[in-house]
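Here are the chains, one letter per residue:
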Amino acid sequence: QVQLVESGGGLVQAGGSLRLSCAASGLTFGSYTMGWFRQAPGKEREFVATIHWSASITTLYADSVKGRFTISRDNAKKTVYLQMGSLKPEDTADYYCAARAGARSVVAAEYLYWGQGTQVTVSS
């Protein structure tokens, strides 16, 4: 049974930082591309960042987070991270990690496995 468990969310002031973690089990983690998505109240789920399975340096970011967020992975720990800095109130959302077998993708529907989400609230 595949499980993705996010942690690290919380309340932070604008300009602050948070690091989200997503621990995976039940899958060959090193063979999966991992992604982070977010969903704000009343809005559709949107792409945040993705990291390819084959090389940790192969990443892709949404324009809205580029330069502020960093995605990374530790295959030995079966964990993917999202380091978030210079947080803005508009970053407030539930953050989800997801896994897919294959190339990087910004399309949520192309990810097979999903975590339950962790809430991030950025106060102004």
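The structure we're discussing is the one just above.
Model, not experiment: these values are computed from the prediction.

Conventions we followed
- Residues numbered from 1 in each chain as written.
- Predicted model: local features only at pLDDT ≥ 70, side-chain atom pairs only at ≥ 80, totals over all residues.
- Heavy atoms only, no water.
- Helix = DSSP H or I, 4+ residues; strand = E, 2+ residues; numbered from the N terminus.
- Rg over C-alpha atoms; globule rule 2.2 N^0.38 Å.
- Buried < 20%, exposed > 50% of the residue type's maximum accessible area, 1.4 Å probe, protein only.
- Contact = heavy atoms within 4.5 Å.
- Areas by Shrake-Rupley, 256 points an atom, 1.4 Å probe, with all protein chains shown as cover.
- Lys, Arg positive; Asp, Glu negative; His and termini not counted.
- Charge placed at Lys NZ, Arg CZ, Asp CG, Glu CD.
- Disulfide = S-S within 2.5 Å.
- Pairing = 2+ DSSP bridges.

Q: Outline the overall build of the chain, listing residues and values.
A: Helix and strand counts for the chain come out as 0 helices and 11 strands. Of the regular secondary structure in the chain, the N- to C-terminal order runs β-β-β-β-β-β-β-β-β-β-β. Here the C-alpha atoms of the chain give a radius of gyration of 13 Å, agreeing with the 14 Å that 2.2 N^0.38 yields for 124 residues. Taking the principal axes of its C-alpha atoms as reference, the chain extends roughly 40 × 25 × 25 Å. Counting the 124 residues in the chain, one finds 44% classified as buried. Sequence separation of at least 24 residues holds for 59% of the intrachain contacts in the chain that already meet a minimum separation of 6. Accessible surface for the chain amounts to roughly 6200 Å². Of this, 48% is attributable to carbon and sulfur atoms. Averaging the coordinates of the 12 positive side-chain charges in the chain and doing the same for the 9 negative ones gives two points 6 Å apart.

Q: So what about the state of the cysteines? Which residues, and what values?
A: Under the definition given, this model contains 1 disulfide. In this model C22 forms its disulfide with C97; the gap between the sulfur atoms is 1.9 Å. Between C22 and C97, the disulfide has an S-S torsion of 40 degrees and is therefore right-handed. With C22 in strand β3 (residues 18–25) and C97 in strand β9 (residues 93–100), this pair connects stretches of sequence that are 75 residues apart. Of the two residues examined, C22 and C97, each falls in the buried class.

Q: Report on the pairing of strand β1 (residues 3–7), specifying residues and quantitative values.
A: With burial as the criterion, only one face of β1 is covered, namely that bearing L4 and E6; the residues Q3, V5 and S7 on the opposite face remain uncovered. Judged from the 5 bridges that link them, β1 and β3 form a sheet pairing that is antiparallel. Bridge pairing links Q3 to S25 in β3.

Q: Kindly report on unusual backbone geometry, identifying the contributing residues and their values.
A: You will see that K78, though not glycine, has its phi angle at about 55 degrees, which is positive. Tracing the backbone shows K78 in the loop between β7 (69–74) and β8 (79–84). Exposure remark for K78: the relative accessible area of 36% places this residue in the partly exposed category. The residue S86 is not glycine, and still its phi comes out positive at about 50 degrees. Locating S86 in the fold gives a position in the loop between β8 and β9. You can call S86 partly exposed: its relative accessible area is 44%.

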